[in-house]
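# Tertiary structure, described
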Amino acid sequence: MDHFPIFVRTQGRRVCLAGGGDAALAKLRLLMKTQATLVVFAADPAPEIEGWAGQGLLKLVRREVQPGDARGAVIAYAAHEDEDADARALRIMAGDGALVNVVDDLERSQFITPAIVDRSPVVVAIGTEGAAPVLARRIKADLEERLPATLGRLTDVARGFRARAERLRHGAPRRRFWADWFELDGPRASGRGADLDAALGDLLDRHLSAAPRAGHVDFVGAGPGDPELLTLKARAALDRADVVIHDRLIAPAILELVRREAMLVEAGKEGFGPSMAQGDINDLMIRHARKGRHVVRLKSGDPGVFGRLDEESGALEAEGIAFAVVPGITAASAAAAGIGRSLTRRGRNAEARFLTGHDMKGFADQDWTALARPGAVAAIYMGKRAARWMQGRLLMHGADPATSVTVVENASRPDAVTVAATLATLPDAVEGLDGPAVILMGIAPRDTAAIALPVPAGALRQESAR
Ligand code: SAH
C-alpha cells in the first residue's frame, strides 16, 4: 500500500485549486459536494466557475496562485493541465504547507483522489495507486449498481434510529431488523416515496411484535434480453428475491443474475407454446408471498406492455398482497434502437402504436384506417402468425404495398436478426423466424448490413388481392 486511505474532514476548512479549465471543472464538481471553503485561483476561469462563484459555492480569485494563498489549506489541487503551470502551483502551494495533488500526475502528487461512490453518509473510496484508473472506474460502476441510490437516505434515517432499535434483542433479532431495513423495507419505502421515518417505525413495531414478515411481489421488467439493458432496480430485485417466477422468453444470462439461493420457477406464458394457466401463476405468487417471501415476477420487456400485468396484480390486490412494478425496456424500443431508428419523428409520425397480432379471441382487430395512412408507425408484438392477415387488412384499407416494414427477431441479443422488407413482402420476411420478433411497420433500418429481401415477383398483386 503506497498510499494510505483516509477520510479528511473538510467542513469549514480551506481547499485550494489552481486552474480554470476542464480538469478544474471536474475536480470542482466533486469538491463542491463537501462542506469545504473552496478557493479557486484562475486568471482565465471557465464560465461555469464564474457561475458557481456567483452562486456562492466557491470563492474565485482572478489571478494565478501566489505564495501564501494556500496557507492553512487542508488539501490543494494543481489543475492547469499544463506541466509548467502545474509545477509552479505545486511548488507554491506545497511551500504553504498544503498537501497537493497535481491532476493526472501520479509522480508529483502528494496524495491521489480515489474513485468515489457517494451515498453520503456512506462513501466508498476506490484506489489502484494510480495504476489502473480504468479498473477503478469499473469497480465504481459495479458498486454504484449494488448500492441503491437511496442508500444514503436509508442510512441517515437509520442513524437517528439506533437508540430505538436497541429495544430489540442484541444479536440476530437486531441484525435481521437492519437487514430488512437496508435490503427490503427501506428500498421499497423509498421507491414508494413514503415517509422513511414512519416506515422504519412500522418495521420496528413488526419486529417487536414478532409478526411474520409480510410478503411482497415485484413485477420486474427484464428488458429484451441483453442483461445490460436491465434497470438497476431490476438487478436489485433479482439480488434480493426468494422466489423468481419467470416467463420462458427470459434470457439465461439474466436468470444467471438471480440470487443463488432463490427458487426459480418457469411459468411459460409467451407466444403460443404450452404454459401454466394464468390462475396457477396467480396462485403460485400468492402462496409464496403469504409465506413472507420476496417474490419477483419476471417478465420480458416491460411488464406493462402485453404482459398481463393487470390480471396478475389484480389477483394480488384481491388478496391484500403488496406489490410494486419495475418497468423495463420494451421490445419495440430495443428493436428500433437496434436498427438505429426512432419510433417517432418530427414531420413523419406524431404517434407510434403498440399492437398485438393476436388477442384472446385470435387475431386482434385494430384501427386499420389509421394504420394504413402514409407515415403511420406501429410496433407489432406477437405478430408473426398474424403477418399475412394483417398485411391483407392494411392493403384493403389502402396502405401502400411499398411501405417499409422491418422485422427484428431477438432484438438486443447476440443472435438478433433484422429483415428489411415492405408491406408487400411482410409474410416472407417473417418466414422461418422462430425467436421472438417485433414487426416495425413504417420504419426502414439504417443499418445497410441488414438483410434486404427482394420483392418476390407477383407478391404485390397476390397480396393486394386478398
Ligand atoms: N412485455 C414484453 C412483450 C411481451 S409479448 C415487452 O415489453 O417487450 C411477447 C412478444 O414481445 C414477442 O412475441 C415479441 O413480439 C416481442 N418480443 C419480446 N422480446 C423480444 C425481443 N428480444 N426481440 C423482438 N421481439 C421481442
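The structure presented is a predicted model; accordingly, all values stated were derived computationally and were not measured.

The next thing to look at is the domain arrangement of the protein chain. Domain parsing of the protein chain yields domain 1 (14–113), domain 2 (151–209), domain 3 (216–329) and domain 4 (332–463). Here domain 1 and domain 2 have C-alpha centroids that lie 41 Å from each other.

This brings us to the site of the ligand. Around the ligand, the structure places 19 residues, and the nearest of them are Asp 302, Val 305, Thr 330, Ala 411 and Ala 437. One of the backbone N or O atoms of Val 305 is found 2.7 Å from a nitrogen atom in the ligand. Taking Met 382, its main chain carries an N or O atom lying 2.9 Å from an oxygen atom of the ligand. When the free accessible area of the ligand is taken as 540 Å², the share hidden by the protein chains comes to 96%. Partitioning the shell around the ligand into residue classes produces 12 nonpolar, four polar and three charged. Each of two domains, domain 3 (216–329) and domain 4 (332–463), supplies a minimum of three residues to the shell around the ligand.

Moving on to the environment of Glu 107. Among the structural elements, Glu 107 can be located in the loop between strand E5 (99–102) and strand E6 (115–119). Overall, Glu 107 belongs to the exposed group, its relative accessible area being 71%.

With parallel pairing, the five strands of this open sheet are ordered in space as E3-E2-E1-E4-E5. At either margin of the open sheet sits one strand with a lone partner, and together these are strand E3 (59–61) and E5. Sheet twist, expressed as the mean angle between neighbouring strand axes with direction ignored, is 20°. Relative to strand E4 (residues 73–78), strand E1 (residues 14–18) is paired through five bridges, and the arrangement is parallel. The residue of E4 that forms the bridge with Leu 17 is Tyr 77. Along the sheet face, helix H1 (residues 22–31) touches E1, strand E2 (37–41), E4 and E5 and points at about 165° away from the line of E1.

Here is what the cut-offs are and how they apply
Residues numbered from 1 in each chain as written. Predicted model: local features only at pLDDT ≥ 70, side-chain atom pairs only at ≥ 80, totals over all residues. Heavy atoms only, no water. Domains from an automatic or database assignment. Near = heavy atom within 4 Å. Polar contact = N/O pair within 3.5 Å; in protein donor to acceptor, adjacent residues only side chain to side chain. Areas by Shrake-Rupley, 256 points an atom, 1.4 Å probe, with all protein chains shown as cover. Nonpolar A, V, L, I, M, F, W, Y, C, P; charged D, E, K, R; others polar. Helix = DSSP H or I, 4+ residues; strand = E, 2+ residues; numbered from the N terminus. Buried < 20%, exposed > 50% of the residue type's maximum accessible area, 1.4 Å probe, protein only. Pairing = 2+ DSSP bridges. Axes fitted to C-alpha atoms, helices over the stretch in contact; angles between N-to-C directions. Contact = heavy atoms within 4.5 Å.

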